[in-house]
Amino acid sequence: MGRLKEFLDSKIIKSDVGEETYLTWRETLSYAVGRGAQGMNTGMTSSKYINYFLTNVLFKKLGDKAMSTASTIRTFCGIFDAINDPIMGVILDKTRTKEGQMRPYIKWSPFFVSLVMVMFFIGSADASPVFNIIYTTVLFVGLDVTYTAFDIPMGALAFSITPNGVERTKLFGISSIVRSVLGALPQVFVAGAALLPYFNDHTPQAYLTSAIISAIGIIFLTRFTFKNTVERARHKENVPSVKECFALLFKNKPMLMLFIGNIFFLLCKISEQVSFYFVADLMFNRKYNIFIDVAKFPGFLFAGLIVPRIIEKWGEKADSRKFYQLCCVAAIIIHIAFAAFCYNGLMNKPADSSVSLFTGILIVLFTGLATIPMEFKNLIQKEMEAETVDYVEWKTGVRVEGIMLSVMSFTGKIENTFSASIGIAILGLTGYIVHEEGSIIQNAQTNWALFLLTTLVPAIGYLLMLIPMKFYDITGASHRQMMKEIKERREK
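From a predicted model like this one, the values you see are computed outputs, not experimental measurements. (Residues numbered from 1 in each chain as written. Predicted model: local features only at pLDDT ≥ 70, side-chain atom pairs only at ≥ 80, totals over all residues. Heavy atoms only, no water.)

(A) Examining the overall build of the protein more closely. When its secondary structure is counted, the protein shows 19 helices and 0 strands. In terms of C-alpha radius of gyration, the protein reaches 22 Å, essentially the compact-globule figure of 23 Å for 492 residues. Taken along its principal axes, the extent of the C-alpha atoms in the protein is 70 × 50 × 45 Å. When burial is assessed residue by residue, the protein has 59% of its 492 residues classed as buried. Of all intrachain contacts in the protein linking residues separated by at least 6 positions in sequence, the fraction that spans at least 24 positions is 84%. Placing the 49 positive and 40 negative side-chain charges of the protein at their respective mean positions leaves the two points 3 Å apart. (Helix = DSSP H or I, 4+ residues; strand = E, 2+ residues; numbered from the N terminus. Rg over C-alpha atoms; globule rule 2.2 N^0.38 Å. Buried < 20%, exposed > 50% of the residue type's maximum accessible area, 1.4 Å probe, protein only. Contact = heavy atoms within 4.5 Å. Lys, Arg positive; Asp, Glu negative; His and termini not counted. Charge placed at Lys NZ, Arg CZ, Asp CG, Glu CD.)

Have a look at this one:
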């Protein structure tokens, strides 16, 4: 126990990186498991599996209208969810309590998140279509509100927990690994249910069982985050007005560039939203879902391990913008190769048969490879988001993590909403045939849509993301100078 305590109380950065360090392993891991709890929630409610649950389970009685109904609900609920983020951001920036600005929300919101999540998957395919539409819409709104009250404070806490950029990158890296591991558990269970005798024929029960287990994990893990983390950023005692919070957004050019990049990233995320359909109906073998999910894990792991080491090794030469650009170029190359090497095995196979083993292995391999630059990009972007918060404090003297983070969360919600609704809508327009279990022969238009949305459309998205990054003007050197001036101002 003595060695464990010594390790937990030791610093996560022991080398000289040109700035003061703060984080211990205890605080870092406590924050990371809170992120893991978030991953368990989003693994159930924002992944490809919820689309399949809606169209092929809850709305299967609607037949041809299942796809358009699910797309409409996800679109309007997603828009509400996105608008909800800035509201929560302002509420957070105006919060002042003895327990801190972010931590009170982390203490209580997981209980509501878990309750609504379980209620969502209680929905039954045997209920009337009208009831399921109303029930699903109400619960989607509940998911949006409760998760936002959890997500914005968790993200803002990472910006407040340390001002050190290298340390933050390592915090994000460790959190990314923990979140990917814990967040994958619900998805792996649902995907692996196809291999189990009972759940293979009882898809709704697989979702509900996974949701209940996730709910228990979410409540338990967030207790560590609340208890062991410290908010170190200083906030003025006078609370900023709503108008002031929104006015600061327009002084943040770097965040605008990230915002535009995230909008283009929407094209990259469509492939994830149609992945279940891709496997079931184009690969014609649902059992590949489990292998594809496993293949994605190294991307999370490598990002969490390698990106912080690279940034720490580069030290004063570290530049988030250049790293982001390299990730986009690598992703473009991988997706083009994915299309070229897998086209024949997917598009020229017999319609009523599974892909060959060789093609299946190639698809699993390219899916895993494509995840690596994406997760590298996602991780370094977390530090870039923190840099934009520092930028506004440097420029105005006011620190407002909530409203700044909520804008990035807003774009993330827009990505999830429209990537899901666009993907489902495109499949609906091509004449996708709804089915609950197994695979079914789809028409040529649907197969082409699945192929392009999984391979070449993401490459176009990454190409467009390079444009706004040309105008993101925070470099490694300029950020360090900002932090030096901010520290001097705080000391005065």
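Back to the text.
(B) Layout of the packing of aromatic side chains. Tallying each qualifying case throughout the model produces 17 aromatic pairs. With a centroid separation of 6.3 Å and an interplanar angle of 65 degrees, the aromatic rings of tyrosine 288 and phenylalanine 291 are classed as edge-to-face. On the criterion of helical spacing, the pair formed by tyrosine 288 and phenylalanine 291 is a turn pair, its members being 3 residues apart in helix 13 (residues 288–314). On the basis of relative accessible area, tyrosine 288 is assigned to the buried category, the value being 11%. Members of the aromatic cluster, connected to one another through ring pairs, are Phe120, Phe121 and Phe140. Across from the ring centre of phenylalanine 226, 4.5 Å away, lies the NZ or CZ of arginine 103, which sits over that ring. One cation-aromatic arrangement involves lysine 377 over phenylalanine 265; the distance from NZ or CZ to the ring centre is 3.6 Å. (Phe/Tyr/Trp six-rings, centres within 6.5 Å; stacked < 30°, edge-to-face > 60°. Lys NZ or Arg CZ within 6 Å of the ring centre and 35° of its normal.)

(C) Quick peek at a nonpolar patch on the surface. A contiguous nonpolar surface patch, about 470 Å² in accessible area, is contributed by Phe76, Ile79, Ile83, Ile87 and Ile91. Assessed through its relative accessible area of 47%, isoleucine 87 is described here as partly exposed. (Patch = residues over 30% accessible without salt bridge, like charges linked within 9 Å, V, L, I, M, F, W, Y side chains within 5 Å. Areas by Shrake-Rupley, 256 points an atom, 1.4 Å probe, with all protein chains shown as cover. Salt bridge = Lys/Arg side-chain N within 4 Å of Asp/Glu carboxyl O.)

(D) How the structure looks around the nonpolar core. Ranked by size, the top nonpolar core spans 126 residues in total, and within it Phe120, Phe121, Tyr277, Met283 and Leu346 carry the most contacts. Sequence-distant contacts of tyrosine 277, that is, excluding residues within four places in its chain, are made with Asn51, Tyr52, Thr55, Asn56, Met67, Leu282, Ile424, Leu427, Tyr432 and Leu450. (Core = buried A, V, L, I, M, F, W, Y, C linked by side-chain atoms within 4.5 Å.)

(E) Broad picture of the environment of lysine 107. Within the fold, lysine 107 resides in helix 5 (residues 103–120). As for lysine 107 and threonine 222, which are separated by 115 residues in sequence, their C-alpha atoms are 7.1 Å apart. Once you skip the residues sitting within four places of it in the chain, lysine 107 turns out to touch Glu99, Arg223 and Phe226.

(F) Structural context of the pattern of salt bridges. Counted according to the given criterion, the structure contains 10 salt bridges. Taking the shortest distance from any N to any O, the salt bridge between aspartate 9 and arginine 26 comes out at 3.0 Å. In this pair, aspartate 9 sits in the loop between helix 1 (2–8) and helix 2 (25–45) while arginine 26 sits in helix 2, placing the two residues 17 residues apart along the sequence. A relative accessible area of 29% means that arginine 26 is categorised as partly exposed. The shortest N-O distance in the salt bridge between lysine 296 and glutamate 272 comes to 2.4 Å. You can see lysine 296 sitting in helix 13 and its partner glutamate 272 sitting in helix 11 (residues 253–273), a full 24 residues away along the chain. Its relative accessible area of 12% is what places lysine 296 among the buried residues. Using a relative accessible area of 25% as the deciding quantity, one classes glutamate 272 as partly exposed. Through salt bridges with shared partners, one network takes in Lys5, Asp9 and Arg26.

(G) Broad picture of the environment of phenylalanine 7. Tracing the backbone through its elements, the reader meets phenylalanine 7 in helix 1. A relative accessible area of 37% places phenylalanine 7 in the partly exposed class. Sequence-wise, phenylalanine 7 and leucine 429 are 422 residues apart; in three dimensions their C-alpha atoms are separated by 56 Å. When near neighbours in sequence (up to four residues on either side) are disregarded, phenylalanine 7 contacts Trp25 and Leu29.

(H) Spotlight on the side chain of threonine 169. When you line up the elements, threonine 169 lands in helix 7 (residues 165–192). In this structure threonine 169 touches Val307, Pro308, Ile311, Leu379 and Glu383, once residues within four positions along its chain are discounted.

(I) Main features of the state of the cysteines. Going through the model one piece at a time under the given rule, you end up with 0 disulfides. Lacking any disulfide linkage, cysteine 328 is separated from the closest cysteine sulfur, that of cysteine 327, by 6.9 Å. The class for cysteine 328 is buried, based on a relative accessible area of 0%. (Disulfide = S-S within 2.5 Å.)

(J) Representation of the packing of helix 5 against helix 6 (residues 129–161). Their axes nearest at 9 Å, the elements helix 5 and helix 6 cross at an angle of 155 degrees. As judged from the angle between their axes, helix 5 and helix 6 are roughly antiparallel. As helix 5 runs across helix 6, the sense of the crossing is left-handed. Grouping the constituent residues of the contact of helix 5 with helix 6 by class yields 19 nonpolar, 4 polar and no charged. (Axes fitted to C-alpha atoms, helices over the stretch in contact; angles between N-to-C directions. Parallel < 35°, antiparallel > 145°, perpendicular 65-115°, else oblique. Left-handed = near helix turned anticlockwise from the far one by under 90°. Nonpolar A, V, L, I, M, F, W, Y, C, P; charged D, E, K, R; others polar.)

Without other data, these values stay purely geometric and don't point to any function.
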